[in-house]
Amino acid sequence: MTTTVPEDVLLQQFDAVIARNDRIEPRDWMPEGYRKTLVRQVAQHAHSEIIGMQPEGNWLTRAPSLRRKAILLAKVQDEAGHGLYLYSATETLGVSRGELTEMLIEGRQKYSSIFNYPTLSFADVGTIGWLVDGAAICNQVPLCRTSYGPYGRAMIRICKEESFHQRQGYELLMTMMRGTDEQRAMVQESVDRFWWPALMMFGPPDADSPNTAQSMAWGIKRNTNDDLRQRFVDMTVPQAEALGVTLPDPELRWNEERGAHDFGQPDWDEFMQVVQGNGPCNRQRIAHRRRAHEDGAWVRDAATAFAARGTS
Amino acid sequence: MSEWPLYEVFVRGKRGLNHVHVGSLHAADDAMALHNARDVYTRRNEGVSIWVVRADAIAASSPDEKDPLFAPAGDKVYRHPTFYSIPDDVPHM
Ligand SMILES: [Fe+2]
Ligand SMILES: [Fe+2]
């Protein structure tokens, strides 16, 4: 039996669910704009987890000890899992996995700008865990309460795993800071390179983020970009002090009146360049993902053929 | 190439608990689905048992009919213990 409910009634029901802070589930009616916004955001998030394996994967074979190698391997494997949770959530919105992969390798969907920066030293593995996973946690914790059920549930699983990522990175840096002058210099140099790109992870300033208001009205986003950036800076400053590194921002200082840190703005022109595909590693990241996908085609075909025989 | 079928994954967290839906994945067949479910959803001892089932084999109630479908439960408040008032001084009730 199908009855046609008029769209304004459906919209009222949808708005009521959002208004009482309840969750939208996959088979519920939703406005096309809500669905599109979610597909864009969750897919971008999924792609970030998958592309994010590359900068750290770069150091897997050169980790300085078996302990560090096992930890890094587990972390990179987690990121693959995060990508899968989020691809699954995106698929509940009516996009297939194959389409998502295509859109990534054809550059029609984006991923976080941070993964277009190179990892030049092993200290970068620590800095990424501390700052990049740290910024990701800041972004992701409020998303556990996002209005779309499958996205929120994926975020909850991910957040449980992220704390290991941040702590292993910080511990790695602490170990290096207890080492030689050269090792301490490596850490500082790495932090200098990653600080501004980490701040960019929260997206452009609120004034230049036209979609934020609608996303917040829909309960997809729970905080503005600038709010989250501020929270991240406030959390990170004491961690930097404990580590014994400086953050490369001459404007960074405690503001007694606001009860928060003042800080400088990242180079937003550089951000736009990276988003548009002109960062240091954009081409390499996509080429690598495409190669992995194409080189794996025969494995997928073989598994399909094997399953078709029904002998598994 | 057509995509591998979608499987829904259910994990029993520990003995004594129900299997709970944890997510989904694609696999060529049941054996691969189980294997991948272990790798994706139980990397930290999250479970003692896994079920995988092809998503297209699940029959589900539709959200549009949720009012009529669940209406029979709505007017049967006497199915809940709080429907019955018992004096406070009656113990163990
Ligand atoms: Fe992640
Ligand atoms: Fe992570």
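In this text, all values refer to a predicted model and were calculated from it rather than measured experimentally.

Novice: How should I be thinking about the overall build of chain B in this particular structure?
Specialist: Counting secondary structure elements, chain B contains 2 helices and 3 strands. Listing each helix as α and each strand as β along chain B from the N terminus yields β-β-α-β-α. Here the contacts in chain B between residues at least 6 apart in sequence split such that 42% fall between residues at least 24 apart.

Novice: Please clarify how the coordination of the iron ion (ligand 1) should be interpreted in this entry.
Specialist: Ideal geometry at a metal centre gives angles of 109.5 degrees when four donors are arranged tetrahedrally and 90 or 180 degrees when six donors are arranged octahedrally. All names here are of chain A. Donor atoms from the polypeptide that coordinate the iron ion (ligand 1) comprise Glu49 (OE), Glu79 (OE), His82 (ND1) and Glu162 (OE), at 2.1 to 2.5 Å from the metal. Every donor counted, the 4 donor atoms about the iron ion (ligand 1) form angles of 82 to 155 degrees at the centre, which fits irregular coordination. Counting residues between consecutive donors of the iron ion (ligand 1) along the chain gives the motif E-x29-E-x2-H-x79-E. Between the iron ion (ligand 1) and the iron ion (ligand 2), a spacing of 3.3 Å is present, and a bridge between the two is formed by Glu79. Remark: Glu79 occurs in helix 4 (residues 66–91) and Glu49 occurs in helix 2 (residues 32–51); sequence separation between them is 30 residues. In this pair, the class of Glu49 matches that of Glu79, namely buried.

Novice: Explain helix 11 (residues 268–278) of chain A to me, please; I cannot follow it from the model alone.
Specialist: Residues that lie three or four places apart on an α-helix share one face, since the helix turns once every 3.6 residues. Residue and element names in this part refer to chain A. Those residues of helix 11 lying buried are Trp268, Phe271, Val274 and Gly277. Buried residues along helix 11 sit against helix 8 (181–200), helix 10 (225–243) and helix 12 (282–295). Between the side-chain oxygen of the N-cap and the backbone nitrogen of Asp269 there are 3.0 Å, and the N-cap of helix 11 in question is Asp267.

Novice: Explain the coordination of the iron ion (ligand 2) here, please?
Specialist: Residues and elements named next belong to chain A. Protein coordination of the iron ion (ligand 2) is provided by Glu79 (OE), Asp133 (OD), Glu162 (OE), Glu162 (OE) and His165 (ND1), with donor distances spanning 2.0 to 2.7 Å. Along the chain, the residues that donate to the iron ion (ligand 2) are spaced as E-x53-D-x28-E-x2-H. By relative accessible area, which is 4% here, Asp133 ends up buried. Of the residues examined, Glu162 reaches a relative accessible area of 2% and is grouped as buried.

Novice: Would you take a moment to explain the interface of chain A and chain B for this structure?
Specialist: It is common to give the size of an interface as the accessible area lost on bringing the parts into contact. Taken together, the 23 residues of chain A in the interface contact 19 residues of chain B. Summing both sides of the interface, chain A and chain B together bury roughly 1,800 Å²; the carbon and sulfur share of this comes to 49%. A per-residue breakdown of the area chain A buries against chain B is headed by Arg27, Tyr85 and Arg157 of chain A, which together make up 27% of the total. Inspection of the chain A/chain B interface yields 4 salt bridges. Here Glu161 of chain A and Arg44 of chain B are joined by a salt bridge, their closest N and O atoms 3.4 Å apart.

Novice: Honestly, the nonpolar core in this entry has me stumped. Any pointers?
Specialist: A general trend in soluble globular proteins is that nonpolar side chains are found buried together. Tyr34, Trp130 and Phe232 of chain A are the most contacted members of the largest nonpolar core, which totals 89 residues. Trp130 of chain A has contacts with Gln166, Gly169, Tyr170, Leu173, Val191, Thr236, Gln239, Ala240, Leu243 and Val245 of chain A, leaving out every residue within four places of it along the chain.

Novice: How do you make sense of the packing of aromatic side chains when you look at a structure like this?
Specialist: Geometry of an aromatic ring pair is reported as the spacing of the ring centres plus the angle between the planes. Going through the model one piece at a time under the given rule, you end up with 12 aromatic pairs over all chains. Aromatic side chains Phe14 of chain A and Tyr34 of chain A sit 4.9 Å apart centroid to centroid with 75 degrees between the ring planes, which places their arrangement in the edge-to-face category. Of this pair, Phe14 of chain A sits in helix 1 (residues 7–19) while Tyr34 of chain A sits in helix 2, placing them 20 residues apart in sequence. By the burial criterion, Phe14 of chain A is buried, and Tyr34 of chain A matches it. Taking 5.0 Å as the distance between ring centres and 90 degrees as the angle between the ring planes, the aromatic pair formed by Phe83 of chain B and Tyr84 of chain B counts as edge-to-face. Look at Phe83 of chain B and you get partly exposed, because its relative accessible area is 44%. Site record: aromatic cluster; members linked through ring pairs are Phe14, Trp29, Tyr34 and Trp218 of chain A. In this structure, Arg62 of chain A is placed above the aromatic ring of Trp59 of chain A, and the distance from its NZ or CZ to the ring centre is 4.0 Å.

Novice: Help me out: how do you make sense of unusual backbone geometry in this one?
Specialist: Peptide bonds are trans in most cases, and residues, glycine excluded, mostly fall at negative phi. Unusually for a residue other than glycine, Asn21 of chain A sits at a positive phi of about 65 degrees. Relative to the assigned elements, Asn21 of chain A resides in the loop between helix 1 and helix 2. Backbone geometry at His92 of chain B places phi at a positive 55 degrees, although glycine is not the residue there. Within the secondary structure, His92 of chain B is located in the segment after helix 2 (66–74).

Novice: Just to check I follow, could you spell out the packing of helix 6 (residues 123–143) of chain A against helix 7 (residues 149–177) of chain A for this structure?
Specialist: Packed helix pairs are specified by the crossing angle of their axes together with the interaxial distance, meaning the distance between the axes. Residues and elements named next belong to chain A. At their nearest, the axes of helix 6 and helix 7 sit 7 Å apart, and the two run at 150 degrees to each other. Considering the angle they form, helix 6 stands roughly antiparallel to helix 7. As for how helix 6 packs across helix 7, the hand of that crossing is left-handed. Residues of the contact of helix 6 with helix 7, tallied by class, amount to 14 nonpolar, 11 polar and 2 charged.

Novice: Just to check I follow, could you spell out the sheet that holds strand 1 (residues 6–12) of chain B for this structure?
Specialist: Each strand in a sheet pairs with its neighbour through backbone hydrogen bonds, running either in the same direction (parallel) or in the opposite one (antiparallel). All names here are of chain B. Spatial ordering of the open sheet is given by 2-1-3, a layout of 3 strands whose pairing is antiparallel. Where the open sheet ends on each side, the last strands, each with one partner, are strand 2 (19–26) and strand 3 (49–54). Averaged over all neighbouring strand pairs, the angle between strand axes comes to 25 degrees, with direction disregarded. Alignment of strand 1 against strand 3, held across 6 bridges, turns out to be antiparallel. Counterpart to Val9 in the pairing with strand 3 is Val52.

Thresholds applied
Residues numbered from 1 in each chain as written. Chains lettered and ligands numbered in written order. Predicted model: local features only at pLDDT ≥ 70, side-chain atom pairs only at ≥ 80, totals over all residues. Heavy atoms only, no water. Helix = DSSP H or I, 4+ residues; strand = E, 2+ residues; numbered from the N terminus. Contact = heavy atoms within 4.5 Å. Donors = N, O, S within 2.8 Å, 3.2 Å for Na, K, Ca; no water. Tetrahedral: all angles 85-135°; square planar, octahedral: opposite > 155°, others 65-115°. Buried < 20%, exposed > 50% of the residue type's maximum accessible area, 1.4 Å probe, protein only. Polar contact = N/O pair within 3.5 Å; in protein donor to acceptor, adjacent residues only side chain to side chain. Buried area = accessible area lost by both parts, 1.4 Å probe. Salt bridge = Lys/Arg side-chain N within 4 Å of Asp/Glu carboxyl O. Core = buried A, V, L, I, M, F, W, Y, C linked by side-chain atoms within 4.5 Å. Phe/Tyr/Trp six-rings, centres within 6.5 Å; stacked < 30°, edge-to-face > 60°. Lys NZ or Arg CZ within 6 Å of the ring centre and 35° of its normal. Axes fitted to C-alpha atoms, helices over the stretch in contact; angles between N-to-C directions. Parallel < 35°, antiparallel > 145°, perpendicular 65-115°, else oblique. Left-handed = near helix turned anticlockwise from the far one by under 90°. Nonpolar A, V, L, I, M, F, W, Y, C, P; charged D, E, K, R; others polar. Pairing = 2+ DSSP bridges.

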